[in-house]
Structures are given as structure tokens and as C-alpha cells.
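Next come the chains, spelled out residue by residue.
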Amino acid sequence: MVYLSTYLTPHTVTFGDIGLLRSVFRACMGRNVQLLFIAGPAGAEGTTGGCDDDATAASGAQTGEGIIARAANDLCRYYASRDGIQAKVLRVPYLYTASPALTDAFLVPLFEACSGGSDALQGAADAPFPLLCAEELAVLVHRIFDSRDANFEMLDVADAFGHPRPMA
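Residues numbered from 1 in each chain as written. Predicted model: local features only at pLDDT ≥ 70, side-chain atom pairs only at ≥ 80, totals over all residues. Heavy atoms only, no water.

Student: Could you clarify how one ought to interpret the sheet that holds strand 2 (residues 34-39) in this entry?
Tutor: Two strands in a sheet stick together by hydrogen bonds in their backbones, pointing the same way (parallel) or opposite ways (antiparallel). The 4 strands are arranged 1-2-3-6 in an open sheet whose pairing can be described as parallel. Bordering the open sheet on either side are strand 1 (2-4) and strand 6 (153-156), each of which pairs with just one other strand. Averaged over all pairs of adjacent strands, the angle between strand axes in this sheet comes to 20 degrees, irrespective of strand direction. Here 6 bridges tie strand 2 to strand 3 (residues 86-91), and the two strands are oriented parallel to one another. The partner of Phe37 across the bridge, within strand 3, is Val89. In the packing of helix 3 (residues 64-83) onto the sheet, contacts are made with strand 2, strand 3 and strand 6, and the angle to strand 3 comes to roughly 160 degrees. Strand contacts of helix 5 (residues 134-146): strand 1, strand 2, strand 3 and strand 6, with the helix running at about 145 degrees to strand 2, the strand carrying the most contacts. (Pairing = 2+ DSSP bridges. Helix = DSSP H or I, 4+ residues; strand = E, 2+ residues; numbered from the N terminus. Axes fitted to C-alpha atoms, helices over the stretch in contact; angles between N-to-C directions. Contact = heavy atoms within 4.5 Å.)

See the structure below:
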């Protein structure tokens, strides 16, 4: 089973992610289920907000989204150890899709602007752009289930492009 966190897009406004995740785990109890919880970058380990800089990390660790995301990761660890549910957490950069069938609040305006000519992304050259294509995530999930074991793990998608790590 694959459970997608509601915090997988950069500007998510949602409530009840932990409650929904808890109900999924309760439904898995006593069943032979392999659960993969796909979480966004806000719940990075170490409660530092995913930052190497101590000052930035301290401020990022206190955001509500980061605290909730880490609580969801801890909930997965709790149910895996207490009830023996085969659970893994996969932390990925925020997701985007190029599919015109799905509306992505982050990229749709960019695609619309580009269809009328050209557009440029505004921001610093070294600003983080922590995004992963949703279609690539599907391939990664398939590979994880192909080589899966029963141990609880926290897996991170590596930033192969050397982007600065995102704040929580």
C-alpha cells in the first residue's frame, strides 16, 4: 500500500494528515500489508528543518508544517515497532507533474505563461528548487517494492542536482 502525505506540494494548506495516517495504520493491523508512506521534505530527520546552517535550522524546526511532518514520521515508526506493520517512510522533494490532466498550482501558471511566449523564473540563482517529477516517483516506488524487506526504514531521495536543502 502506498500512502501519500498531503504535504507533497510546496504550498499545501491541509488539516488532518496525522489522523488520516493513523486510521490507515489501524486498518492495517492484523493484516499482511506492506505500507510505504511518502512524505515531503518538511519532515526531514534531526528536527532541523533539513538545513545544514544552525541558525536557519533552528528557525525551520519550529514551523508547524515541519513539526506535523516529523510527527507523521514518528507515527510510522511507532506502528511499525508496536504492531509489526511493515512500514517504510520515503521522504522526497516536493512533487510536480507535467501532465495537463492534473492541475499543479505551482507549475500550471508557468506552463500557461510559456505557451504564450516565454517566461523566466524569478529568484536567486542558488535558491532551492526541491522538486521531483511525480512520474519518476512511480518508478522509484516500484523499485522499492521489488527489493523490500520487513524492517522499518526512513529513506530519502537524494538531491542529485546539488540544490540547497529546503527549510521545513
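Once you've had a look at it, read on.
Student: Got a minute to help me understand helix 5 in this structure?
Tutor: The periodicity of an α-helix, 3.6 residues per turn, causes residues three or four places apart in sequence to face the same way. Along its 13 residues, helix 5 runs 19 Å from first to last C-alpha, staying within 8% of the 18 Å computed at 1.5 Å per residue. For helix 5, the complete set of buried residues consists of Leu137, Val141 and Ile144. Each buried residue of helix 5 sits inside an arc of 60 degrees when the element is viewed along its axis, so together they form one side. Opposite its buried face, helix 5 presents the exposed residues Arg143 and Asp146, each directed more than 90 degrees away. For helix 5, the elements touching its buried residues are strand 1, strand 2, strand 3, strand 4 (94-96), strand 5 (131-133) and strand 6. (Expected span 1.5 Å × (residues − 1). Buried < 20%, exposed > 50% of the residue type's maximum accessible area, 1.4 Å probe, protein only. Arc of directions from axis to C-beta.)

Student: Looking at this structure, I do not really get the nonpolar core. What am I missing?
Tutor: Soluble globular proteins tend to pack their nonpolar side chains together in the buried interior. Within the largest apolar cluster, 18 residues are counted, with the highest numbers of intra-cluster contacts made by Tyr3, Leu21, Phe25, Phe37, Cys76 and Val89. Mapped by element, the contributors of at least two residues to this core are helix 1 (17-28), strand 2, helix 3 and strand 3. Ranked by the residues each element gives to this core, the list is headed by helix 3, at 5 residues. In terms of nonpolar packing, the next biggest core, distinct from the first, is built from 10 residues, Leu36, Val92, Leu132 and Val141 among them. (Core = buried A, V, L, I, M, F, W, Y, C linked by side-chain atoms within 4.5 Å.)

Student: I would appreciate a short explanation of the pattern of salt bridges in the present structure.
Tutor: Pairs can form between side chains of opposite charge whenever their charged atoms are close. Applying the stated criterion across every chain yields a total of 5 salt bridges. Put simply, Arg82 and Asp83 hold a salt bridge, and the shortest N to O gap is 2.9 Å. The shortest N-O distance in the salt bridge between Asp149 and Lys88 comes to 2.9 Å. Of the two residues, Asp149 is situated in the loop between helix 5 and strand 6 and Lys88 in strand 3; the sequence distance between them amounts to 61 residues. With relative accessibility at 35%, the residue Asp149 sits in the partly exposed group. For Lys88, a relative accessible area of 2% gives the class buried. Each of Lys88, Asp149 and Glu153 takes part in one network of salt bridges that share partners. (Salt bridge = Lys/Arg side-chain N within 4 Å of Asp/Glu carboxyl O.)

Student: Is there a simple way to explain the packing of aromatic side chains in this structure?
Tutor: For any pair of aromatic rings, the description consists of the separation of the ring centres together with the inter-plane angle of the planes. Tallied over the full model, the rule gives 3 aromatic pairs. Ring centres 5.1 Å apart and planes at 10 degrees place the aromatic pair Phe25 and Tyr79 in the stacked group. Linking Phe25 in helix 1 with Tyr79 in helix 3, this pair joins segments that are 54 residues apart in sequence. The two residues Phe25 and Tyr79 agree in class, both being buried. Each ring, one from Tyr78 and one from Tyr79, has its centre 5.1 Å from the other, and the planes form 75 degrees; the classification is edge-to-face. The class of Tyr78 is partly exposed, set by a relative accessible area of 38%. Site record: aromatic cluster; members linked through ring pairs are Phe25, Tyr78 and Tyr79. (Phe/Tyr/Trp six-rings, centres within 6.5 Å; stacked < 30°, edge-to-face > 60°.)

Geometric descriptors of this kind do not, in isolation, establish any biological role.
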